Amino acid sequence: MIIIPEGAEGGADVEEEIVPEFHLSLESSFLLVVIVAGGIFAGRKYMAYRQQKAEEARKLAEARRVVTVMIPEGYSIDMIAKRLEKQGVFKADEFIKAAKNTDQYKNDFIKDIDPKKGTKYKLEGYLYPDTYKIYKSSKPEDLIQKMLDNFDKKYSALAKSYKGKHSMAEIMTIASMIEREASNMSERPMIAGVIENRLAAKMRLQIDPTVLYTTTNGLYNAKKVYYKDLKVKTVY
């Protein structure tokens, strides 16, 4: 019986065990050494292959794991980015970068958005708040595309019955102000009426969110507007 010690590295180690045991000729011992050592090498190679495949399968399973992401109503792009980073989904700056690069998204309505000079994000107000399921391996662009598709579907359905004169951009701007200004659902119709009346009278809207968006960098983490805030020049 030949016992190959654990950790034998190849032909030389194997030959030390085989030749003294069977008193083989040089030619015969060489042939046997090649066979046994080859088996050791093949076995190790196979085990390494199995370990590699197991690791690849683990990574694939992790990448295909479904993650549930919930975006609350009234969240700005900056707030969404911060929330996603806190939840470990995406880094905030990666999400913001993806939101700025609007050319990569397929929705036709995007080309109709004509933001004023100084507008922070072209897609602000168009990333529909909802609960989404994405793969762990998804990129920020994947989630944004889902949000845009959701908005497109919901807006298109409502637009069919709209008889007013506002453009889509105007509707979304007004809707965003109402969302941030109202503390509950029942206040929304009243605030909408106030905004429409002031627009018709060419009055200043004097709505806090239009100031807070700039002064809080889109995070709305301040509850009051001060007189000094009103001096900030902004497109909003």
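Structure: see above.
Residues numbered from 1 in each chain as written. Predicted model: local features only at pLDDT ≥ 70, side-chain atom pairs only at ≥ 80, totals over all residues. Heavy atoms only, no water.

1. Description of the nonpolar core
Core analysis: the biggest nonpolar cluster contains 34 residues, and Phe95, Leu123, Leu127, Leu143, Ile144 and Leu148 have the highest contact counts within it. Contributing elements (two or more residues each) for this core: β1 (66–70), α3 (77–86), α4 (92–100), β2 (131–135), α5 (140–159), α6 (168–181) and α8 (208–215). Contacts of isoleucine 144, omitting those with residues within four sequence positions, involve Phe95, Ala98, Ala99, Tyr105, Leu123 and Leu127. Of all hydrophobic cores here, the second largest spans 7 residues; its members include Met177, Ala182, Ile191 and Ile195. (Core = buried A, V, L, I, M, F, W, Y, C linked by side-chain atoms within 4.5 Å. Buried < 20%, exposed > 50% of the residue type's maximum accessible area, 1.4 Å probe, protein only. Helix = DSSP H or I, 4+ residues; strand = E, 2+ residues; numbered from the N terminus. Contact = heavy atoms within 4.5 Å.)

2. A closer look at the layout of surface pockets
Within this model, the second largest pocket holds a volume of roughly 190 Å³. Lining of the second largest pocket is provided by Tyr75, Met79, Lys82, Arg83, Lys86, Gln87, Leu219 and Asn221. When grouped by side-chain class, the residues that make up the lining of the second largest pocket number 3 nonpolar, 2 polar and 3 charged. (1 Å grid on protein atoms, 1.4 Å probe; cavity = no way out; pocket = protein on both sides within 12 Å on 5 of 7 lines; lining within 4 Å. Points joined across faces, edges and corners; volume = space filled by probe spheres on them. Nonpolar A, V, L, I, M, F, W, Y, C, P; charged D, E, K, R; others polar.)

3. Remarks on the pattern of salt bridges
Per the stated rule, a full pass over the model turns up 5 salt bridges. Aspartate 78 is the salt-bridge partner of lysine 120, the closest N and O atoms lying 2.8 Å from each other. Of this pair, lysine 120 sits in the loop between α4 and β2 while aspartate 78 sits in helix α3, and the two are 42 residues apart along the sequence. One salt bridge connects lysine 111 with aspartate 108, and the closest N-O pair in it is separated by 4.0 Å. Residues joined by salt bridges that share partners form a network here, namely Glu73, Glu179 and Arg188. (Salt bridge = Lys/Arg side-chain N within 4 Å of Asp/Glu carboxyl O.)

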